[in-house]
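# A closer look at the structure
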Amino acid sequence: MKISLLIIGILLTPCSIFAGINITGKLNDATHNTTLVAASVKALTTSDSTIKGVTQSDLNGHFNLNNMPAGDYLLEFSYLGYEKVFMTINNLNQDIDLGTIGLNEASEMLNEVVVKANRVTHKIDRQVILPSNRQVQASSNGLALLQNLQIDEIAVNQLEKTVKNLNNKPVQLRINGVEASIPEVVGIRPGDVIRVEYHDSPGLRYGHAEAVIDFIVRHKESGANFNLEVGNGVSRLGWGRYQVGGRYNNGKSSLQILGNINRRNLKWTRENFETYVYPDSVVSNSDIGEPTKAHFNEIFASLTYTYNNGERSLLNISLHNTYNHTPNSPDDRTSTLNRGNHIYHIASHRRSWEEIPSLNIYYRHSMGKDQKLYIDVVGTLMNSSTHHTFSSTLDNRTDNIQSDIKGNKQSVIGEVIYEKMHNNSKFTLGMKHVQSHMSNTYDGNIKNLVRMNTAETYAFAEFQSALGKLNYTTGLGLMHTFNSQDGVSKKKIIVRPTLTLAYKLCRNLFMRYKFYISGYSPSLSELSNVTQNIDTYQVHRGNPQLKTVVFYGNEFSSNWKCDFMNVNLHASYNYNHKPIMNETRYEANRFVRTYDNQRGFHRLNLSATINLTSPDEHFQVSLTPFFRRFISLGNSYTHTLNNWGFRGTVQAMWGHWLGKAEIYTRYKNLWGEEISFGEKMHILSAGYKANKWNVNLRMCNPFAKNYDLKKENLSQLASNVQNAHTTLFTKFVIITFSLNLDFGKQRQETNKRINNSDTDSGILSGTR
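Read on for an overview of the structure. (Residues numbered from 1 in each chain as written. Predicted model: local features only at pLDDT ≥ 70, side-chain atom pairs only at ≥ 80, totals over all residues. Heavy atoms only, no water.)

## Considerations on the sheet that holds strand β2 (residues 21–29)
The sheet built from 3 strands is open, its strands ordered β5-β2-β8 with mixed pairing. Each edge of the open sheet is held by one strand with a lone partner, namely β5 (62–68) and β8 (96–103). Across the sheet, the mean angle separating the axes of adjacent strands is 20° when strand polarity is ignored. Strand direction decides the pairing type here: β2 and β8, joined by 6 bridges, are parallel. Note that in β8 the partner of Lys-26 across the bridge is Thr-100. (Pairing = 2+ DSSP bridges. Helix = DSSP H or I, 4+ residues; strand = E, 2+ residues; numbered from the N terminus. Axes fitted to C-alpha atoms, helices over the stretch in contact; angles between N-to-C directions.)

## Some remarks on the pairing of strand β43 (residues 657–664)
Taking every second residue as pointing to the same face, the buried face of β43 carries Leu-658, Lys-660, Glu-662 and Tyr-664, while none of Trp-657, Gly-659, Ala-661 and Ile-663 on the other face is buried. Pairing of strand β42 (residues 638–654) with β43, which is carried by 8 bridges, proceeds in the antiparallel orientation. Along β43, the bridge assignment pairs Val-650 with Ala-661. With antiparallel pairing between neighbouring strands as the criterion, β42 and β43 make up a hairpin whose turn holds 2 residues, including Gly-655 at a positive phi of roughly 60°. Pairing geometry for β43 and strand β46 (residues 681–689), over 8 bridges, is antiparallel. Each residue of the ladder has a partner; that of Lys-660, found in β46, is Ser-685. (Buried < 20%, exposed > 50% of the residue type's maximum accessible area, 1.4 Å probe, protein only.)

## A short note on the environment of Ile-21
One can find Ile-21 in strand β2. On the basis of relative accessibility, which here comes to 5%, the residue Ile-21 falls in the buried class. As a C-alpha pair, Ile-21 and Met-68 span 47 residues in sequence and 4.8 Å in three-dimensional space. Among all residues touching Ile-21, those that are not within four sequence positions of it are Leu-65, Asn-66, Asn-67, Met-68, Pro-69, Ala-70, Leu-92, Asn-93, Gln-94 and Asp-95. (Contact = heavy atoms within 4.5 Å.)

## Comments concerning the sheet that holds strand β39 (residues 590–597)
One open sheet holds the 4 strands; their spatial order is β34-β35-β39-β38, and the pairing between them is mixed. Taken across any chain shown, the strands that pair with only one partner, and hence form the sheet edges, are β34 (531–533) and β38 (580–587). With strand direction ignored, the average angle separating the axes of adjacent strands in the sheet is 30°. With 3 bridges connecting them, β34 and strand β35 (residues 538–541) associate as antiparallel partners. Its bridge partner being in β35, Thr-531 is matched across the sheet by Arg-541.

## Looking at the environment of Val-186
With respect to the helices and strands, the residue Val-186 is situated in helix α3 (residues 182–186). With relative accessibility at 9%, the residue Val-186 sits in the buried group. Separated by 74 residues in sequence, Val-186 and Asn-260 place their C-alpha atoms 9.9 Å apart. Apart from the residues lying within four places of it in its own chain, the contact partners of Val-186 are Asn-141, Gly-142, Leu-143, Lys-161, Glu-229 and Gln-243.

Okay, here's the thing in structure tokens:
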């Protein structure tokens, strides 16, 4: 629908010809009279359609095109799921208020289905979430805002600063399309967030991402921003996280700097119960640990320059550096091992450091006629060093194992994406190439030198369109993998088709189904042709014969909303064919922990999320029960696991005060022969949020007697149970203070769409 309205400006008072002119107004839903937040407003010249001004409506639906020169304009108003409205203004020569402008909901629109309640728009490939004023006021940073949005199937841990899905897998984070780290998300000012886009079924261009969350953030056109967040343990002083950042804007250029330190200096107690089945005997060990220090420091720093030439082009250059120093590994242990009538004294210690500098050069160019080109090149260097000692003492006899590993890796990642819009359809074409060289030196009891070259090329095409109320996306990708080690090379081609269907049954009910075939290559550490000692019983060995894996995925989701309730049902089934999983072998009186392409792996996930919000948004409740089933089919084993769990949050926001209670049970994961048991936590927090500063007091596990993490290996040859526990995370109090100072006017900065990184050092670890 196109509405043309002629407005003739009338001079009421003389105006200076040098003063800019302001165009203001308000946008709402024409049918339901509800506010439209973050709706787009463009001002184009009527003579040649040049864009002279771009803005968006605020949380109250108001917009302001300021400092406009006099002239004739065509205004374009658009919003997700609504038909565009056009308005002409002739002879504009003074400030004008257009009043309230209503937009009508579109009956059909490219790959989107509108759900009004809770400020959420469902599209075929993502959800578009508009933060409410109450949620923004209650949030101190971007990560806190993400938690307050209560997105289905997303778990935000403010204590450890993690974002994961119900598979307990990390979620890919982006800012204006750029892949971002947790510190960069923490540095976001909530008031600058226009919307959050949640890709729960990422398309081909996101590779292997489990889920993608993209913060669309407005930026300033002048002045500076400074942000600071300091968190420290009160009852235990060995916990701390500190971050400082700033941004300076000057015309089309901006410069941003960020630094983050995450430190731990605590003590754990580790217990290991092991059974080794030899050909002629069975040995059982009971390894009871003493409190042992775990000490590490993680440092992240970034410097980013951006040159923004509006809709025409964007250049972004980022320099990142990550430095991790671990004087005492969390796996260290001092313990007493009971083996029959013998008592051994065990000491295992690992220290390491790792430095990863990277340079990212990104460029976006508008080619006209609804065509855009995105180019991204990333160069990464990795340097690392690890020193491990293990000793076992019986009476006066001591057996020692020592290893020193020095790693070096260089990689280049290049990606090109082309997009074209045509009527109600979008076509995307892309290619990505990764080239890396690794050289790792192993010294100690076992000496080795591993050199490896790897390459992966991925090309894809994707088409999105609609047939009535049915929206669909279909795509095809081809992945070519290559690796070379010790003069032996391997190649593999994988075809990756995908199909997504979305349908809106009624106004408040949305359904989606996705099918895809994908694959992944072995990691560099798994391919390493090297053997590392773990202890006197076990060794860890890579496998250069590993092959690329193909997996098949099916996902179904259904969402129903009313004014104050949101119910989401999700089901997924995935099958890995010939997956790379662990196995244990017995060779030369030692148990070998290694990898191989096993028979198969099945994973079923079922979950239901209920979000309740009071009419005034003072209270929010989120409840998510889930069920997960795993079937691991090895070449010599079959294991299954059922995991029932629950996650819940109750939150109250009143004025400047915020109170929250969180509880979640363990995520259990089976892969190969190993079960990992995640955290079981409950947290109480209270905070005060002023305009420019925030203080929060958090107590972790106030009603628990112990905090523990657990792993279990189900091997028939060498089974074990590893348990690490401490009382330091019970009744653990943390205080966090944040400061965010903002100067200058805001501007709309063009989105950056692609980014890549490399963090796989390729080192084979000699741990359990």
